[in-house]
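In case you want the letters, here they are:
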Amino acid sequence: MSTKSNPTTIAFFGATGGCANATLVHSLLAGYKVSALARTPSKLTSQLLEQGLSQETLDRQLTVIQGDATNVEDVKRTLLSNGKLVSIIVTGLGGKPVLQYSFRQPVTLDNPEICASSTDSILKALKEVSAEYSATTAHKPLLVYVSTTGISNGPEDVPFGFRFLYHIILAVPHEDKRKMESMLRLHMENPNESERLLRGVIGVRASLLSGGVDYKSGKGWKTLKVGTEEKPAVGYTIARADVGQWIFEELVKKDPGEWAGKVATLTS
Ligand SMILES: NC(=O)c1ccc[n+]([C@@H]2O[C@H](COP(=O)([O-])OP(=O)(O)OC[C@H]3O[C@@H](n4cnc5c(N)ncnc54)[C@H](OP(=O)(O)O)[C@@H]3O)[C@@H](O)[C@H]2O)c1
């Protein structure tokens, strides 16, 4: 937790979505100092107050930055907490599904490249911000992103009944997630460690999301089936609240624990 002896700070992107929102709520309740980028800050603060957080907690621990995740300057402001680069970045960014008249691609997104373009902005912003700080590993943040099953290079991670939905209907959002994952993988594969802007990247591939923005609406993170890219947990759905709580318990609190450099697959 965020104390003088353990000054972990967290930057959130996509926190008005249920997954990152639940991680944010758990982080605030545990006392961490966080920043969150939001296109509409009042939407985020209303969501937090409606879930029972006090205005005092928000005033003490949360800085909301109004902006867009594809704007490098807005992202830079989010990555700085009291003038210092944050220790952890959590992104649950995603586009809104839009139906289109296409047999091959009936579902697209309002921004079909939101995950890839925001990842590009985060890396560019990190490069600019990091230039002002020591390039030691200790000062580089850990990045945790929410992604999806159905894009694995390993064994099939989508149950049989959902394969048409995942591999045909959701091709556009999945291509965006693939690009995001590949950008981050390539970045971390840079053999020159001093050029890596992150000390670690952890992907969380969730099965079909259920529920809304309510951190209490899940079954509990300990009930989840958890796998890896090589040995995925295969299932149909998972509550957004559970994805967010799992990220908090396993990745934020343990930072990064056994998941460093890995991809987790989560389902109920
Ligand atoms: N739907 C599924 O079954 C499923 C399954 C697995 C994974 N996923 C993926 O998991 C992730 C988390 O999903 P979720 O349901 O928790 O969240 P979500 O409802 O998809 O929310 C997306 C978030 O991204 C924000 N956003 C989008 N464009 C932005 C921009 N240009 N600048 C700043 N913020 C922007 C939205 O903000 P606003 O409030 O301003 O719109 C919102 O906070 C998403 O990437 C989603 O695609 C989805």
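First, a word on what this report is: a plain description of the structure on this page. (Residues numbered from 1 in each chain as written. Predicted model: local features only at pLDDT ≥ 70, side-chain atom pairs only at ≥ 80, totals over all residues. Heavy atoms only, no water.)

### A short note on empty space enclosed by the protein
Line of reasoning, step 1. Within the structure shown, the criterion is met by one cavity of 30 Å³ or more.
Line of reasoning, step 2. Of the volumes computed, that of the largest cavity is approximately 40 Å³.
Line of reasoning, step 3. Around the largest cavity, the lining residues are Thr-91, Thr-119, Ile-122, Leu-143, Met-180 and Leu-184.
Line of reasoning, step 4. Elements supplying a minimum of two residues to the lining of the largest cavity: α5 (114-130) and α7 (171-188).
Line of reasoning, step 5. By residue class, the composition of the lining of the largest cavity is four nonpolar, two polar and no charged. (1 Å grid on protein atoms, 1.4 Å probe; cavity = no way out; pocket = protein on both sides within 12 Å on 5 of 7 lines; lining within 4 Å. Points joined across faces, edges and corners; volume = space filled by probe spheres on them. Helix = DSSP H or I, 4+ residues; strand = E, 2+ residues; numbered from the N terminus. Nonpolar A, V, L, I, M, F, W, Y, C, P; charged D, E, K, R; others polar.)

### What about the site of the ligand?
Line of reasoning, step 1. In the region of the ligand, 25 residues are neighbours, and Thr-16, Lys-43, Leu-93, Leu-209 and Arg-240 sit closest.
Line of reasoning, step 2. Measuring from an oxygen atom of the ligand, one finds a backbone N or O atom of Gly-18 at 3.2 Å.
Line of reasoning, step 3. Between the ligand and the protein, one listed contact pairs a nitrogen atom with a side-chain N or O atom of Asp-68 at 3.0 Å.
Line of reasoning, step 4. In isolation the ligand offers 920 Å² of accessible surface; the protein chains occlude 83% of this area.
Line of reasoning, step 5. When each cavity is represented as a set of grid points, the ligand is found to reside in the largest pocket.
Line of reasoning, step 6. Mapped by element, the contributors of at least two residues to the shell around the ligand are α1 (18-29), β9 (142-148) and β11 (208-210).
Line of reasoning, step 7. Per element, the largest residue contribution to the shell around the ligand is three residues, and it comes from β9. (Near = heavy atom within 4 Å. Polar contact = N/O pair within 3.5 Å; in protein donor to acceptor, adjacent residues only side chain to side chain. Areas by Shrake-Rupley, 256 points an atom, 1.4 Å probe, with all protein chains shown as cover. Sits in = over half its atoms within 2 Å of the grid points.)

### A few points about the packing of α1 against helix α8 (residues 240-252)
Line of reasoning, step 1. Contact geometry of α1 with α8 gives a least axis separation of 7 Å together with a crossing angle of 50°. In terms of their interaxial angle, α1 and α8 are classed as oblique. Between α1 and α8 lies a crossing whose hand is right-handed. On α8, the residues that touch Gly-18, Cys-19, Ala-22, Thr-23, His-26 and Ser-27 of α1 are Arg-240, Ala-241, Val-243, Gly-244, Gln-245, Ile-247, Phe-248 and Val-252.
Line of reasoning, step 2. A per-class count over the contact of α1 with α8 returns seven nonpolar, six polar and one charged. (Axes fitted to C-alpha atoms, helices over the stretch in contact; angles between N-to-C directions. Parallel < 35°, antiparallel > 145°, perpendicular 65-115°, else oblique. Left-handed = near helix turned anticlockwise from the far one by under 90°. Contact = heavy atoms within 4.5 Å.)

### Overview of the nonpolar core
Line of reasoning, step 1. One finds Phe-12, Leu-24, Trp-246 and Ile-247 to be the most contacted residues of the largest nonpolar core, which totals 39 residues.
Line of reasoning, step 2. Beyond its immediate chain neighbours, meaning those up to four positions away, Phe-12 contacts Ala-20, Thr-23, Leu-24, Ser-27, Val-34, Ser-35, Ala-36, Leu-37, Thr-78 and Val-90.
Line of reasoning, step 3. Grouped together as the second largest cluster of nonpolar side chains are 27 residues, Ile-65, Val-72, Val-86 and Leu-93 included. (Core = buried A, V, L, I, M, F, W, Y, C linked by side-chain atoms within 4.5 Å. Buried < 20%, exposed > 50% of the residue type's maximum accessible area, 1.4 Å probe, protein only.)

### Section: the packing of α1 against helix α2 (residues 41-50)
Line of reasoning, step 1. Interhelical geometry of α1 versus α2 gives an angle of 60° and a closest axis separation of 11 Å. The pairing of α1 with α2 is recorded here as oblique in orientation. Considering only the axes of α1 and α2, their crossing is right-handed. Contact residues: α1 offers Asn-21, Leu-24, Val-25 and Leu-28, while α2 offers Leu-44, Gln-47 and Leu-48.

### Some remarks on the pairing of strand β1 (residues 9-13)
Line of reasoning, step 1. Counting buried positions along β1 yields five of five residues, so the element is predominantly enclosed.
Line of reasoning, step 2. Neither face of β1 is left uncovered, since the one carrying Thr-9, Ala-11 and Phe-13 and the one carrying Ile-10 and Phe-12 both have all their residues buried.
Line of reasoning, step 3. Strand direction decides the pairing type here: β1 and strand β6 (residues 88-91), joined by four bridges, are parallel. Pairing of Phe-13 across the sheet is with Thr-91, part of β6. (Pairing = 2+ DSSP bridges.)

### Things to note about the packing of aromatic side chains
Line of reasoning, step 1. Taken as a whole, this structure holds four aromatic pairs when the rule is applied.
Line of reasoning, step 2. When the ring of Trp-246 is compared with that of Trp-259, the centres are 5.4 Å apart and the planes differ by 75°; the resulting orientation is edge-to-face. Of the two residues, Trp-246 sits in helix α8 while Trp-259 sits in the loop between α8 and β14 (263-267), which places them 13 residues apart along the sequence. The residues Trp-246 and Trp-259 share a single accessibility class, namely buried.
Line of reasoning, step 3. For Lys-262, the ring lying beneath its charged end belongs to Trp-259, and the centroid distance is 5.9 Å. (Phe/Tyr/Trp six-rings, centres within 6.5 Å; stacked < 30°, edge-to-face > 60°. Lys NZ or Arg CZ within 6 Å of the ring centre and 35° of its normal.)

### Observations regarding unusual backbone geometry
Line of reasoning, step 1. Here the amide bond leading from Asp-255 into Pro-256 is cis, since omega sits at -10°, within 30 degrees of zero.
Line of reasoning, step 2. Residue placement: Pro-256 occurs in the loop between α8 and β14.
Line of reasoning, step 3. Phi at Asn-82 is positive, roughly 50°, even though this residue is not glycine.
Line of reasoning, step 4. Tracing the backbone through its elements, the reader meets Asn-82 in the loop between β4 (80-81) and β5 (84-85).

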